[in-house]
Amino acid sequence: MASDNDAREPAAGAPQPEGAAGAANSDDGAPATAPTAHRAGPEGTGGASAAAASGPDAEAAGHPGREGTGARATAPAEATGRPAVTAGGPDGGSGPDPRSKGTSPATTDTAHHPATEAAGHPVPAGPEGAGHPAGGERLRFVGAATRRIARGIDLDEIVLGLCRATVPTFADAILVYLRDPLPVGDERPVGPVVLRLRRTDQLPEHVRGAGEGDAADPGAERPEPVPDLAGCAAERCEVRIGGPLAEVLRGVRPVFGDSSAARAALPELLGDERPVPDRHRTILAPLRGRRRVIGAAVFVRRPDRAAFENDDLLVAAQLATHTALGVDKAVLYGREVYIADELQRTMLPDSLPQPTGVRLASRYLPAAETARVGGDWYDAIPLPGNRVALVVGDVMGHSMTSAAIMGQLRTTAQTLAGLDLPPAEVLHHLDEQAQRLGSDRMATCMYAVYDPVAHRIVIANAGHPPPILLHRGGRAEVLRVPPGAPIGVGGVDFEAVELDAPAGATLLLYTDGLVESRLRDVWTGIEQLRERLIETARLTGPNPPPLEPLCDEVLGMLGPGDRDDDIALLAARFEGIAPSDVAYWFLDPRPQTARQARRLARRALTRWGLEELTDAVELLVSEVITNAVRYAERPITLRLLRTDVLRCEVGDDVPQLPRLRQARPSDEGGRGLYLVNRLARRWGATRLSTGKVVWFELALPSHAR
């Protein structure tokens with residue numbers, strides 16, 4: 001006579017329904033259909049539409065996302081020989097079942113939720129005599145469970161959805177193993193397959209160890225509880241090539257725990273001497289994604305509960321398939337989020353420069369955690385003469401394309417700023433560049449140049465929200481800047497305005513995400529921002545508020561419904577350079593100009609108490625002035641600035657930049673820049689629209705810092 005195991009062996013290899021092997025998710029992440037899990041016929045099994053779970057039956061099943069919505073049902077006392085037990089908990093009430101904490105390093109579900117939470121069905125109470133759920137009930141459970149699994153967008157949510165949908169409705173305990181690391185897309189992992197315990201979930205101890213009849217008959221024999229798999233299961237398993245676990249995973253179909261294949265595979269997965277219930281109370285289900293097996297799930301029922309049937313293999317296959325597809329989706333989504341995050345971070349400056357005469361602070365916030373890439377950017381570009389260009393822009397859209405266009409426009413703006421073009425001219429060239437990128441490439445941009453010596457700022461606008469200037473006394477005003485047309489429109493002129501930039505004032509440049517949302521228009525948001533700045537400045541009295549806390553206060557005005565767009569914020573505190581720290585001369589290009597420049601520099605150093613630098617400054621000024629006199633046709637400019645360093649700038653009308661080269665012993669020239677490079681702390685040359693500027697810096701003596 002064939003044994004009980006032999007009689008049930010063929011069921012483990014029964015043909016798998018198409019729904020279990022080919023379940024697919026719709027665009028919004030929910031399964032298009034919830035196939036039926038029913039008995040296999042002679043010609044194979046087919047799927048059924050999830051529409052069968054709609055209507056009144058669906059209400060009885062309960063929505064998987066709501067807790068406590070399932071119908072309260074009882075197991076017949078006649079079938080179990082025990083008092084009827086509700087689905088709400090072990091004591092017959094309708095309250096939630098608490099979850100126990102596992103000792104495994106993997107995450108163990110400890111949330112309190114009703115037994116009917118997964119699909120609105122009661123836990124089959126009592127021993128085997130309680131019977132098995134009907135086919136329609138299985139169908140409703142599979143539909144609700146797969147919808148819950150498909151709702152997750154990241155790895156933890158999907159695995160949690162499987163555990164919550166399974167325990168205690170389908171099983172009393174579950175262990176979920178996933179590959180470590182998980183392959184992404186078409187990656188072909190090399191090396192051995194390693195499975196790591198990702199999550200466990202099981203009934204609490206008082207439910208696992210107590211029967212329903214204990215309250216009525218304290219002396220009755222307690223049923224054997226399900227083993228504490230969460231505390232004893234192996235955390236990591238390396239799948240042996242050609243081993244029993246590899247064969248089960250390769251077979252894809254779930255198998256009973258007492259089958260010959262599972263009896264050899266479970267010790268390899270869970271570890272040797274890990275107890276599992278006998279007979280049909282354990283199912284080992286491989287998790288197969290779109291291209292390969294990515295893990296395994298183990299479903300366990302306690303001995304006093306009805307054993308799994310053949311139809312339960314089909315249910316386990318559906319759960320495993322939807323979980324694997326969801327894990328594939330989560331891994332791909334995580335990779336896309338990582339790429340978008342890295343792209344956005346590399347498009348924005350790592351840190352802002354701190355030029356003399358101005359202090360800068362910035363913030364960037366994506367629209368949401370699920371849309372980390374956008375087209376907003378900010379930049380601060382040092383210019384000759386201690387000036388600085390302040391740029392804030394916004395490319396239309398939230399996509400990789402928007403971020404790529406933003407990167408190209410930012411690079412173009414940096415190149416144009418290096419040519420020292422006027423702000424209106426910079427926007428004109430950006431407009432041409434946007435048109436070359438495509439007919440629908442549009443962006444807004446604000447470009448400003450601050451001169452700390454003249455205490456003036458020149459601003460040009462291309463369809464961007466106007467800047468706000470916070471004065472030292474606490475007054476905030478919206479600057480009247482011509483709005484202009486967005487970049488990419490073409491055929492429009494941009495107008496620049498020059499305004500006072502008093503010391504102690506703060507200029508705020510921002511994108512429309514800060515002031516516009518579904519709940520308010522742009523001008524309402526601008527007025528709220530102005531009032532927020534006034535309130536913040538009032539807290540510090542006559543002194544201007546610190547920049548970093550000021551940026552945080554500005555972002556604090558955002559409400560829950562105000563994050564419709566990403567936000568770029570750039571704050572500039574004007575400090576300026578005092579006129580007493582600047583010396584400026586015009587010199588004619590004559591042979592005597594070098595001697596005259598040395599004399600003027602010596603006088604300025606004496607006035608500033610920097611006589612220690614006289615020799616070095618005279619030598620370097622003489623070399624740079626001599627080179628300018630040799631080629632210039634118009635007056636030469638010489639400027640000395642005393643800040644945290646001593647800076648010397650020599651300008652002429654020749655656009656060619658000097659280059660450092662190694663002079664040969666026979667050469668009469670070519671050693672001037674070599675001396676500058678050896679003696680100066682820093683030096684450089686910048687091409688201007690009217691010529692060039694060669695500059696160098698020397699460190700101040702310790703007593704002058």
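Residues numbered from 1 in each chain as written. Predicted model: local features only at pLDDT ≥ 70, side-chain atom pairs only at ≥ 80, totals over all residues. Heavy atoms only, no water.

Quick look at the environment of Q592 now. Along the chain, Q592 turns up in the loop between β18 (582-587) and α16 (593-608). A sequence separation of 34 residues divides Q592 from T626, and the C-alpha atoms of the two residues are 9.6 Å apart. (Helix = DSSP H or I, 4+ residues; strand = E, 2+ residues; numbered from the N terminus.)

A sheet is described by the order of its strands in space; here 5 strands give the open sequence β8-β17-β16-β13-β14, paired in antiparallel fashion. Lying at the two open borders of the sheet, with one neighbouring strand each, are β8 (358-365) and β14 (476-478). Averaged over all pairs of adjacent strands, the angle between strand axes in this sheet comes to 20°, irrespective of strand direction. Note: strand β16 (residues 506-510) against strand β17 (residues 567-574), 5 bridges, orientation antiparallel. Bridge pairing in β17 links L509 to L570. (Pairing = 2+ DSSP bridges. Axes fitted to C-alpha atoms, helices over the stretch in contact; angles between N-to-C directions.)

Here we take up the sheet that holds strand β21 (residues 682-688). If you walk across this open sheet you meet the 5 strands as β18-β19-β20-β22-β21, and the pairing is antiparallel. A strand with exactly one partner marks an edge of an open sheet, and here the two such strands are β18 and β21. Shown here is a sheet whose adjacent strand axes are inclined to one another by a mean of 15°, direction ignored. Note that strand β19 (residues 636-642) and strand β20 (residues 645-652) share 6 bridges and pair antiparallel. Across the sheet, residue R642 finds its bridge partner in β20, namely L646. The strands touched by helix α17 (residues 614-631) within the sheet are β18, β19, β20 and β22 (691-699), with β22 carrying the most contacts at an inclination of about 170°. (Contact = heavy atoms within 4.5 Å.)

Here we take up helix α10 (residues 260-270). Burial in α10 covers these residues: A262, A265, L266, E268, L269 and L270. One face of α10 carries all of its buried residues, which in axial projection span an arc of 170°. (Buried < 20%, exposed > 50% of the residue type's maximum accessible area, 1.4 Å probe, protein only. Arc of directions from axis to C-beta.)

Going through the model one piece at a time under the given rule, you end up with 27 salt bridges. A salt bridge links R359 to E575; its shortest N-O distance comes to 3.8 Å. You can see R359 sitting in strand β8 and its partner E575 sitting in the loop between β17 and β18, a full 216 residues away along the chain. For the salt bridge of D379 with R410, the shortest nitrogen-to-oxygen distance reads 3.0 Å. Of this pair, D379 sits in strand β9 (residues 376-382) while R410 is found in helix α12 (residues 400-418), placing the two residues 31 residues apart along the sequence. (Salt bridge = Lys/Arg side-chain N within 4 Å of Asp/Glu carboxyl O.)

Summed over the entire model, instances satisfying the criterion amount to 5 aromatic pairs. On the basis of an interplanar angle of 20° and a centroid distance of 4.3 Å, the ring pair of Y450 and F574 is categorised as stacked. You can see Y450 sitting in strand β11 (residues 443-451) and its partner F574 sitting in strand β17, a full 124 residues away along the chain. The pair Y450 / F574 is uniform in exposure class, with both members buried. One aromatic cluster is present, formed by F141, F170, F299 and F308 through successive ring pairs. We note R301 situated over the ring of F170; from NZ or CZ to the ring centre the distance is 5.6 Å. Taking the ring centre of W695 as reference, the NZ or CZ of R647 above it sits at 4.3 Å. (Phe/Tyr/Trp six-rings, centres within 6.5 Å; stacked < 30°, edge-to-face > 60°. Lys NZ or Arg CZ within 6 Å of the ring centre and 35° of its normal.)

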